[in-house]
Amino acid sequence: QVQLVESGGGLVQPGGSLRLSCAASGFRFSITTMSWYRQAPGKQRELVAAITRGSSTNYADSVKGRFTISRDNAKNTVYLQMNSLKPEDTAVYYCNAAWLGNNYWGQGTQVTVSS
C-alpha cells in the first residue's frame, strides 16, 4: 500500500522558513518522481516542485529561488525547504508520488504565512 505522510507545516511569519518532510512507503521510492503540490482555498491544486530519480528538479516560477526540493533515498523521504515565505504561500501542501501511471497523495500539511 502506497503511503505518504507529510509533516513540518505550521504558522510562520513572512520572510521565515519551514522544512516539510514526506515519509514514503509501499513503492520503489528510489526510482519514483516525487513532487510537492499545494492548494489554497478557492484555487486549483498546483505543482510546487518535483524531483526525479536522478535528482533533476523543477519548480513553479512563483517559488523558484526560494524553495528547494530534495530527497533521501535511504530514508524514503522527500523534503521541501521553504525560505523567504510569503503570505501567498499559504496553502495545504501535499506530497505526490507518480507510481505505475497513478498519482498518490498524502493527507497534506497546512502552511500558514501570516504576521
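Cut-offs and rules
- Every chain is numbered on its own, with residues counted from 1 as its sequence reads.
- Owing to the predicted nature of the model, reporting of local features is limited to residues with pLDDT of at least 70; listing and counting of side-chain atom pairs is limited to 80 or more, with chain, interface and lining totals taken over all residues.
- Computation of side-chain values covers all heavy atoms of the structure but excludes hydrogens and water.
- The buried label goes to any residue with under 20% of its type's maximum accessible area, the exposed label to any with over 50%, and the partly exposed label to all in between, with areas taken from a 1.4 Å probe on protein chains only.
- Helical segments are the DSSP runs of H or I of at least four residues, strand segments are the runs of E of at least two, and each set is numbered from the N terminus.
- A pair of strands is labelled paired if DSSP reports no fewer than 2 bridges between them.
- For this analysis, a ring pair means two rings from Phe, Tyr or Trp (six-membered ring only for Trp) whose centres lie within 6.5 Å, classed as stacked if their planes differ by under 30 degrees, edge-to-face if by over 60, and tilted for the remaining angles.
- Here, a charge over a ring means that NZ of Lys or CZ of Arg falls within 6 Å of the ring centre while also lying within 35 degrees of the ring normal.
- Helix axes are fitted to C-alpha atoms over the stretch in contact, other axes to C-alpha atoms as well, and angles between N-to-C directions run from 0 to 180 degrees.

### What to know about the pairing of strand β8 (residues 77-82)
- Burial runs high along β8: five of the six residues are buried.
- Judged from the six bridges that link them, strand β7 (residues 67-72) and β8 form a sheet pairing that is antiparallel. Counted as the bridge partner of Ile-69 is Leu-80 from β8.
- Here β7 folds back onto β8 in antiparallel fashion, the turn holding four residues, of which Asn-76 has a positive phi close to 50 degrees.

### Digging into the packing of aromatic side chains
- Applying the stated criterion across every chain, the model contains four aromatic pairs.
- Between Tyr-37 and Trp-105 the ring centres are 4.9 Å apart and the planes differ by 75 degrees, which places this aromatic pair in the edge-to-face class. One end of the pair, Tyr-37, is in strand β4 (residues 33-39); the other, Trp-105, is in strand β10 (residues 102-105), and 68 residues separate them in sequence.
- Judged by its relative accessible area of 34%, Trp-105 is partly exposed.
- Measuring from centroid to centroid gives 6.5 Å for Tyr-94 and Trp-105, while their planes differ by 90 degrees, and the two rings are edge-to-face. Of this pair, Tyr-94 sits in strand β9 (residues 91-99) while Trp-105 sits in strand β10, and the two are eleven residues apart along the sequence.
- Residue classification places Tyr-94 among the buried positions, given a relative accessible area of 13%.
- An aromatic cluster of at least three residues, connected via ring pairs, comprises Phe-27, Phe-29 and Trp-99.
- The ring centre of Tyr-94 lies 3.8 Å from the NZ or CZ of Arg-45, which sits over that ring.
- Between Arg-71 and the ring centre of Phe-29, over which it is positioned, the NZ or CZ distance is 4.6 Å.

### With respect to the sheet that holds β7
- One open sheet accounts for four strands, arranged β1-β3-β8-β7; its pairing is antiparallel. Either end of the sheet is taken by a strand with one partner, and the two such strands are β1 (3-7) and β7. Strand-to-strand twist of the sheet, defined as the mean angle between neighbouring strand axes without regard to direction, takes the value 15 degrees.

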